[in-house]
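Residues per chain are reported as follows:
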Amino acid sequence: MAKYIAKRLVYIVLVFFVASFLMYCLFSLIPSDPARSQLEGLKQSLKPEAYQQMYQQLRERMGLDDPLVVRYARWIGCMPDKQTGELDGVLQGNFGYSLMRQKDCLEVIKTPMANTILLNVFSTILTLLVTIPLGIWCAVHKGRKLDQGVQAFTILGYSLPQYIIALIFIYVFAVLLRWFPVNGAATPGNPYTGLRALLDRLYYMALPMLVALFGALGGMSRYVRASMIEALSMDCIRTARAKGVRERVVIYSHAWRNALLPVVTSIIGWFLSVFSGSVVLENVFGLNGMGSLYIKALNASDAELCLAIQMFYTVVALLGNLITDLAYGIVDPRIRVNR
Amino acid sequence: MGNQKKAPRFSGILKGMFGTGEGNFLEEEALQSPARVTVRSFFSRPTAVFGLVVFVLIFLLVMIGPRYMPIDLGHSDSNLANIAPGCHMMDIPGEMLDEGIADIAAGQTYGVGLSNAGKIYTWGYTRVSNAIDLRDVPEELTTGGVNVRHMAAGNDHAVAIDRDNQFYFWGSNRLNQHMYQSNAELNRALLLGNLEIKQLEAGNQFTALLDTKGNLYLWGNASNADLGCRQSERETEGMDHAPRTFQGNIEKIAVTSNAYVCLLKDGTVAYTGYQKDSPLNANLPAQLQNGSVKVVDIAASSQCAAAVDDTGRVWVWGAGTRGEKDVPEMADHPVKIYGGRYHFTALLQNGGVVSWGDNMYGQAAVPASVQEGQIVNLFCGGYQNYAVTARGEVKTWGLKGFLCGTDEQGRDILSRIVNGGKITMTVGGIAVVIATLIGVILGGAAGYFGGKTDLIISRAAEVIGGMPFLPFALILSAAIPKEVSNTQRMYIIMVVLGALSWVSTFRLVRAQIFSQREQEYVTAAKALGVKESAILRRHILPNVMSVLLVSVTLDFATCMLTESTLSYLGFGITAPTPTWGNMLNTCNDSIVIQQYWWRWVFPAAIFGLCTVCINLIGDGLRDAMDPRSNGR
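Parameters and conventions
- Residues numbered from 1 in each chain as written.
- Chains lettered and ligands numbered in written order.
- Predicted model: local features only at pLDDT ≥ 70, side-chain atom pairs only at ≥ 80, totals over all residues.
- Heavy atoms only, no water.
- Axes fitted to C-alpha atoms, helices over the stretch in contact; angles between N-to-C directions.
- Helix = DSSP H or I, 4+ residues; strand = E, 2+ residues; numbered from the N terminus.
- Parallel < 35°, antiparallel > 145°, perpendicular 65-115°, else oblique.
- Contact = heavy atoms within 4.5 Å.
- Nonpolar A, V, L, I, M, F, W, Y, C, P; charged D, E, K, R; others polar.
- Salt bridge = Lys/Arg side-chain N within 4 Å of Asp/Glu carboxyl O.
- Buried < 20%, exposed > 50% of the residue type's maximum accessible area, 1.4 Å probe, protein only.
- Core = buried A, V, L, I, M, F, W, Y, C linked by side-chain atoms within 4.5 Å.
- Domains from an automatic or database assignment.
- Pairing = 2+ DSSP bridges.
- Buried area = accessible area lost by both parts, 1.4 Å probe.
- Polar contact = N/O pair within 3.5 Å; in protein donor to acceptor, adjacent residues only side chain to side chain.
- 1 Å grid on protein atoms, 1.4 Å probe; cavity = no way out; pocket = protein on both sides within 12 Å on 5 of 7 lines; lining within 4 Å.
- Points joined across faces, edges and corners; volume = space filled by probe spheres on them.

A word on the packing of helix 15 (residues 503-518) of chain B against helix 16 (residues 520-527) of chain B. All names here are of chain B. Where helix 15 contacts helix 16, the axes come no closer than 5 Å and their chain directions differ by 60°. Here helix 15 lies oblique to helix 16, going by the angle between them. Contacts between helix 15 and helix 16 involve Gln516, Arg517 and Glu518 from the first element and Glu520, Tyr521, Val522, Thr523 and Lys526 from the second. Counted by class, the contact of helix 15 with helix 16 contains 2 nonpolar, 2 polar and 4 charged residues.

What follows is the structure in structure tokens.
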């Protein structure tokens, strides 16, 4: 197991560097000129030639004209910074400077990151709590009217784009029934602290979470159901039933253990899509999260902030991969031996 | 896919689908080709068939529809913004027709009518805002108890005046359209009790009144309309002809969207407002001012004015750009002229009717029945024309309404759905083709060559597949330079989507090739000395094709979803080009969701239906091809 984990870790680190380099290349495509924006204030007071000269000097000093690989190495923190001569990059915890907010990127993304993680963790828990039992139930009661109803219903979940589900949910639950607020992250100007504040935020997050749940219902519960049906048709299940093992034990111990493997696989893809999917949710519901910040940063061509957010998504994706790999190892003993 | 060992040849598929017509029932049963089994199995599933039929219908609608519903991307019309679905803008109530038509005032999207019984009726899209509706006519007017003499319908307000010079206003009064007391001269005339009204006009945010003595009274939004009639000609501004007096000399006025022109009693036309740079003043033909022609009637569209002189010549001036100045050949002298928002209609001496100008909603297309009928009265305004025949029938032409309503810029939602669907489907389709090509080529190479090639490609796929999709797509489309045209942008989006979504196809193809290579029949074929290329072509490819077909179908839906999500976030295809995604990106607030529901319900419904159907087809195909997956 230790060897397996070590192998995966090395691999993940490698992928991190490749992915971050790719990202860096992409973001260098966004037209953005930190040197020019730093000099913007001086433009009026200087002569054009002097301004041009200063601009070129600053570009030189900031190392903007160096090859892409060198700039990447500086940014990631493997090569010393040109101005300070010290290693000062992502690995050292410096994610760059946001031109849009005039703050360090790390400062800018702190709150949105907490919000996004809160939203996604709660919606993940909620979704797994609902979809797995539902999938198992449907598999066990395959072909019944209720199962067919659920299947028809879940097609909607994976066919409709999330923002349409969100619009419908807002209309029904926020506008017509007035159960939930239309958007926002917390009651404006509330004096709540501690548990009360958390509850207030959860209340505001309820509708986005329901939308995420509805979307996931299609993919996840169908997947659980399919792999459960597969597992229930295995010979060992028939044997277990023949032995007179109780149905509960057959389902939850024998069949579910076997069905878990493909389910864990599908959680990788799903986990990634939850985080990137919250880009849409945060925009629809006006939540101050990474996704809405990302859109704002992209619109403002704030390359360094975008890059920092993108790195967040990448790290989440890689972590998701790692966790799934580890879970794999735990769930399926064969993997530990084979790899 | 284990049951499908034989290559379904094309002729085999055809035979399978249509039958050969020979052989008895038992033979047929025994010799069913896999393709035939698949097709039969597919068509035995009601949900799959439903999906296929509905999808084909939607596909035909969006592919053929744009030919009949061409879209003008630059078009927008604030006057038609946020109109609810319906096609009843010119449906005069039956009771009013029964009572006989005395007068009609055509507003932008509605009409106000006075019947011979003295009752006022409204029809069309009368809603102005959440609280204001032009349908709410003052109650005494609807009973016939008031002797209404004049009435007029403006953009968002309507006016009626009875025989005793009592004023009635309804609709919007936000800009003092109803404050007739604010006009001191009018107050004086009302107090003296000698006001005899000749003409009443309601414009955009203002009201105008002309009395029989030739005096003009205006009130309402002074910032928009140049309210107040100048007493005399602009001597000081260097005009070279003799000063004239306007007040007391006005025969008729014609109201544009924010100004007016006057026909004077001597048969000349004057712009009597204060905005001397107005095209209505600057472009006013000299002949109309100096008395060399005698004008008999004037009318105004939103930006233009038109005049008819006693020789039958039509003069149009102003800033019209929608064909108002393209006066057609007329069979006879026009005697009267009427103006709509972007069109003019003229009544000829022989009773014929001619319309010209913008024909987007058919305002300028006079129906043949009008040409033949004896027209006794003509009412025009907004986008509407009403012609009353001698027998009391009403012929209408112009804007009937919008089946799916309009959006915030007054664009027809139905036409945007049809045209946007074409773009959404094209982008989704081509993106899938690109993704499938990349996936098949790389997957084929990895699966076929194996070893190092496989390792390298698989690792690359893992990196790309491991990155969060939506943020990645967002950054790629944000990197598209701003200067590229919308069409180029569309192509780039297709490529971006294709280049990002090939990973699943790649995995599928690679896994399928690997698993097929291990099968005993392939080993057997090898042992028999069948060539590698033949094995690939006859055994492996067909098996890959069948799973590919399913994945392409499902990926098509996914690509459409992704494109629409990108467009919804404003990073895909951008306005004014419509797609099902970007039609929804202005609908993201509770006011729109609640009050202008048609703006999101229709695009969302058709898009949802479309993706549900594609998924039903994909599921049906998968089940049909793999009997083991039945009911899963």
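This part is about the pattern of salt bridges. Residues and elements named next belong to chain B. A complete count under the given rule lists 21 salt bridges over all chains for this structure. Here Asp77 ties to Arg341 by a salt bridge, and the two come within 3.9 Å at their closest N and O atoms. With Asp77 in the loop between helix 4 (46-68) and helix 5 (94-99) and Arg341 in the loop between strand 16 (334-339) and strand 17 (343-348), the pair connects residues that are 264 residues apart, well separated along the chain. Looking at Asp77, the relative accessible area reads 2%, which means it is buried. Ionic pairing is found between Arg459 and Glu462, a salt bridge with its closest N-O pair at 3.0 Å. Taken as a pair, Arg459 and Glu462 lie in helix 12 (residues 451-466) at a separation of 3 residues, close to a single helical turn. Using a relative accessible area of 39% as the deciding quantity, one classes Arg459 as partly exposed.

Residue and element names in this part refer to chain B. Assignment of secondary structure puts Ser301 in the loop between strand 13 (295-300) and strand 14 (304-309). What makes Ser301 buried here is its relative accessible area of 2%. Once residues lying within four places of it in the same chain are set aside, the contact partners of Ser301 are Val255, Thr256, Ser257, Glu324, Gly340, Arg341, Tyr342, His343 and Phe344.

In terms of nonpolar packing, the biggest core is built from 132 residues, with Phe285 and Tyr294 of chain A together with Leu474, Leu569, Trp580 and Leu584 of chain B touching the most fellow members. Looking at this core element by element, the count peaks at 12 residues for helix 19 (residues 598-625) of chain B. Residues lining this core come from more than one domain, with at least three contributed by each of domain 1 (29-104) and domain 2 (106-331) of chain A. If sequence neighbours within four positions are ignored, Tyr294 of chain A has contacts with Phe27, Cys306, Ile309, Gln310 and Tyr313 of chain A together with Pro471, Leu474 and Ile475 of chain B. Counting 17 residues, the second-largest nonpolar core is a separate cluster that includes Ala254, Val261, Ala300 and Ala305 of chain B.

Residues and elements named next belong to chain B. In terms of strand pairing, strand 10 (residues 250-255) meets strand 11 (residues 260-264) through 5 bridges, oriented antiparallel. Considered in strand 11, the bridge of Ile253 is made with Cys262. Two successive antiparallel strands, strand 10 and strand 11, enclose a turn made up of 4 residues.

In this section: the sheet that holds strand 3 (residues 120-124) of chain B. Residue and element names in this part refer to chain B. Sheet architecture is open: 3 strands sit in the order 1-2-3, paired in antiparallel fashion. Lying at the two open borders of the sheet, with one neighbouring strand each, are strand 1 (101-106) and strand 3. Between one strand axis and the next, the sheet turns through 20° on average, direction left out of account.

This paragraph deals with the interface of chain B and chain A. Counting residues at the interface gives 41 residues for chain B, matched by 47 residues for chain A. Across the interface of chain B and chain A, roughly 3,700 Å² is buried in total on both sides, 73% from carbon and sulfur atoms. As a salt-bridge pair, Arg222 of chain A and Asp619 of chain B come within 3.5 Å of each other at their nearest N and O atoms. Inspection of the region where chain B meets chain A yields 7 residue pairs in polar contact (both at pLDDT 80 or more). The biggest single contributor to the side of chain B that touches chain A is helix 19 of chain B, with 9 residues. Looking at the side of chain B that touches chain A residue by residue, the class counts come to 25 nonpolar, 12 polar and 4 charged.

With the rule as written, the count across this model stands at 3 cavities of 30 Å³ or more. A volume near 60 Å³ is recorded for the largest cavity. In terms of lining residues, the largest cavity is bounded by Asn115, Thr116, Leu119, Ala185, Arg201, Met205, Glu282, Leu287, Asn288 and Gly289 of chain A. Within the residue set of the lining of the largest cavity, elements represented by two or more residues are helix 5 (105-140) and helix 8 (194-232) of chain A. The greatest single-element share of the lining of the largest cavity, amounting to 3 residues, is contributed by helix 5 of chain A. The residue inventory of the lining of the largest cavity, partitioned by class, reads 4 nonpolar, 4 polar and 2 charged. Taken as a whole, the second largest cavity encloses approximately 40 Å³ of empty space. Along its surface, the second largest cavity is lined by Arg517, Val522, Lys526, Glu532, Ile535, Leu536 and Ile540 of chain B. When contributions to the lining of the second largest cavity are tallied by element, the ones reaching two or more residues are helix 16 and helix 17 (532-569) of chain B.

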